[in-house]
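One letter stands for each residue in the lines below.
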Amino acid sequence: MKQAYFIYLLFVLALFLSCSANKPVKKPNILIIYVDDLGYGDLSCYGAKAVKTPHIDKLANNGLLFTDAHSSASTCTPSRYSLLTGSYAFRNNAAILPGDAPLIIDPETVTIADMLKKAGYATGVIGKWHLGLGNGEPNWNIEIKPGPKEIGFDYSFLIPATADRVPTVFVENQRVVNLEKENPIEVSYDHKIGTLPTGLEHPERLKMKADTQHSGTIINGISRIGFMSGGSSAHWKDEEFATVLSQKAKEFITKHKDRPFFMYYSLPSIHVPRSPNAKFVGATEMGPRGDDIVQMDWMVGEIMKNLRELGIDKNTLVIFSSDNGPVLDDGYADNAVELIGEHQPSGIYRGGKYSAYEGGTRMPTITYWPDVIKPGRSDALFNQVDLFASLAALTGQQVDDKNAPDSKDMSEVLLGNSSDGRKSMLQESFTMSIRSGVWKYIEPLSKEVPDWLANKTIETGLSNMPQLYNLKEDPEEMNDLSARYPEKVKELAKELNRIKGM
């Protein structure tokens, strides 16, 4: 009798496991909110006093706030390339691109969008792109291929490069928005074209003064990098970025509310030129840069409100971060330096955008998923290059050896179930660095510093000599220990070269 009862229990258990295995798991929506040039110290949840960011603070208070999470590079194109491909940017010589550069991601490369599309997700990218479009010298008057569609995105609404570069038009599904055939667009980064005024010719027409690099064609009272002609009906107004992009993001979410979606929401704030909407002007005492942070926070709040209203917020994983560290004076006279006061954009960390120091890549990073991620803080070492493998693990996708070579599965770290982060990682700037435990090694500069970078006031961390820091004892990177620990320098230089040679 006991034996028969035992066999019956085994049968019931097997039946239960079989049903559980066949029951489809509802995949979470995935929303990556990727801000531009936002520093570790630029949010009130990270200690900022001169600016309030209540919407992002709400994510942090109800989610997981990271203290040692990083972009893979201290400049934008490389960071974006790494995030989408799971590969360090140096493997493809990825660098800051001009506005007419070809698509830097080979369509044969599997991206996060490709991977999630295979998992059944609707995929979309909205906002700043800066990964190139077309095959070189794109024709802006027809469909521009290859682009986001060829690397896994079902829908795209883009600022093609950056707001300070031509062409100053939105591109939706790889066609310029509101373009009239009678007024075609032409773009040049070599010489002036057309009759539109430039900043050097007509500084009196500018809303804000600009340096020589940013004194090309004037659009909307702001001179840009490069030159363009035509397309007047398609020109954007910088002050409308927040409302236009928020609306497009809401439309994408609403359209796909009944199926899993992945949205890469790439905000142009707080990159120059900083020209926030009128309702945010004067929101802080730091001028346009501070006001742009408040506008960016509002954009985050609008998306979160949309998720709640649709009743899908509890089935949405939100990952908030930035592409690289902060910069104050980056080509436009917007009083960012003069009005900074006691605000510390990089927090306690040294450097910022372009820098090899921690301020270049240590990013404010928050993960939020109601009832799944418990509120808290994480000191785990994390790199955005790991998002590929981590999201693959969360959605049950396999990553073969050919794809995402530098991405590691940190899904349990992102969810707050583990504090066991990376043991080591690469950091890219205009040189290479490596983090390993408490140690950070910055290799000697092996190339000339560009003239435009030499004119920046940021501490770049570039040196002809190796540098070594103990970040546990010296998070500000003020005490170079390379002469004191030569063997550690050799060890980390060897490890860095191993990664580069993989």
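Please read all numbers here as calculations on a predicted model, not as lab measurements.

Bringing the overall build of the protein chain into the picture now. Scanning the protein chain from terminus to terminus reveals 10 helices and 20 strands. The C-alpha radius of gyration computed for the protein chain amounts to 23 Å, which stays within 12% of the reference 23 Å derived for 502 residues, consistent with globular compactness. In terms of principal-axis extent, the alpha carbons of the protein chain reach across some 100 × 65 × 45 Å. Expressed as a percentage of the 502 residues in the protein chain, the buried residues total 60%. A separation of at least 24 residues holds for 72% of the contacts in the protein chain among residues at least 6 apart in sequence. Total accessible area on the protein chain is roughly 21,400 Å²; 51% of this is exposed by carbon and sulfur atoms. In the protein chain, 54 side chains carry a positive charge and 63 a negative one; their mean positions are 6 Å apart.

Moving on, we come to the domain arrangement of the protein chain. Split into domains, the protein chain comes out as domain 1 (29-185 + 230-421) and domain 2 (430-500). Distance from the C-alpha centre of domain 1 to the C-alpha centre of domain 2: 27 Å. Counting residues at the interface gives 25 residues for domain 1 and 23 residues for domain 2. For the pair domain 1 and domain 2, the summed buried area comes to about 1,900 Å², and 56% of that belongs to carbon and sulfur atoms. It is R350, Y354 and Y357 that lose the most area in domain 1 upon contact with domain 2, and together they represent 35% of the buried surface on that side.

Extensive coverage of helix α7 (residues 387-394) is indicated by the burial of six of its eight residues. For α7, the full list of buried residues reads L387, F388, A389, S390, L391 and A392. The positive-phi residue at the C-terminal boundary of α7 is G396, with phi of around 75°.

Another point: the sheet that holds strand β19 (residues 439-442). Taken in spatial order, the four strands line up as β17-β18-β19-β20 in an open sheet, and their pairing is antiparallel. Taken across any chain shown, the strands that pair with only one partner, and hence form the sheet edges, are β17 (424-428) and β20 (467-470). In this sheet, neighbouring strand axes are inclined to one another by 15° on average, regardless of whether the strands run parallel or antiparallel. Relative to strand β18 (residues 432-436), β17 runs antiparallel, the two being bridged by five bridges. Residue pairing for β18: S424 is matched across the bridge by S436.

Glycine aside, residues mostly have negative phi angles, and peptide bonds mostly take the trans form. With an omega dihedral of 0°, the bond running from V166 to P167 counts as a cis peptide bond. As for its position among the elements, P167 is in the loop between β5 (155-159) and β6 (171-172). Here V272 and P273 are connected by a cis peptide whose omega angle stands at -5°. By the element assignment, P273 lies in the loop between β12 (261-266) and α6 (288-310). In this structure, D37 is a non-glycine residue whose phi angle is positive, near 65°. With respect to the helices and strands, the residue D37 is situated in the loop between β1 (29-35) and α2 (54-61). Relative accessible area serves as the criterion here: at 1%, D37 is assigned to the buried category. Non-glycine residue E137 carries a positive phi angle of around 50°. Turning to its location among the elements, E137 is positioned in the loop between β4 (122-128) and β5. According to the relative accessible area criterion, E137 is exposed, its value standing at 73%.

Attention shifts here to the UniProt feature "domain: Sulfatase N-terminal" (unreviewed entry) in the protein chain. UniProt feature "domain: Sulfatase N-terminal" (unreviewed entry): in the numbering of this structure it lies at residues 28-396. End C-alpha to end C-alpha, residues 28-396 measures 12 Å, and it is 19% helix and 16% strand.

Ranked by internal contacts, the top residues of the largest apolar core, which has 57 residues, are I32, W129, F153, F262, Y264 and L391. Ignoring sequence-local partners within four residues, the contact set of F153 consists of L84, A113, T123, G124, V125, W129, P148, F262 and Y264. Judged by nonpolar contacts, the second largest core, of 54 residues, contains Y46, I56, I270 and Y368.

Turning our attention to the pattern of salt bridges. For the coordinates displayed, the defined rule picks out 32 salt bridges. Across the pair R224 and D238 runs a salt bridge, and its minimum N-O distance is 2.9 Å. Note that R224 is positioned in the loop between β10 (222-223) and β11 (227-229) and D238 in the loop between β11 and α5 (241-255), a separation of 14 residues in sequence. Like R224, the residue D238 is buried in the burial classification. Between K440 and E358 there is a salt bridge; the shortest N-O distance is 3.0 Å.

What counts as what
Residues numbered from 1 in each chain as written. Predicted model: local features only at pLDDT ≥ 70, side-chain atom pairs only at ≥ 80, totals over all residues. Heavy atoms only, no water. Helix = DSSP H or I, 4+ residues; strand = E, 2+ residues; numbered from the N terminus. Rg over C-alpha atoms; globule rule 2.2 N^0.38 Å. Buried < 20%, exposed > 50% of the residue type's maximum accessible area, 1.4 Å probe, protein only. Contact = heavy atoms within 4.5 Å. Areas by Shrake-Rupley, 256 points an atom, 1.4 Å probe, with all protein chains shown as cover. Lys, Arg positive; Asp, Glu negative; His and termini not counted. Charge placed at Lys NZ, Arg CZ, Asp CG, Glu CD. Domains from an automatic or database assignment. Buried area = accessible area lost by both parts, 1.4 Å probe. Pairing = 2+ DSSP bridges. Axes fitted to C-alpha atoms, helices over the stretch in contact; angles between N-to-C directions. UniProt positions renumbered as here; feature names shortened; annotations may be inferred. Core = buried A, V, L, I, M, F, W, Y, C linked by side-chain atoms within 4.5 Å. Salt bridge = Lys/Arg side-chain N within 4 Å of Asp/Glu carboxyl O.

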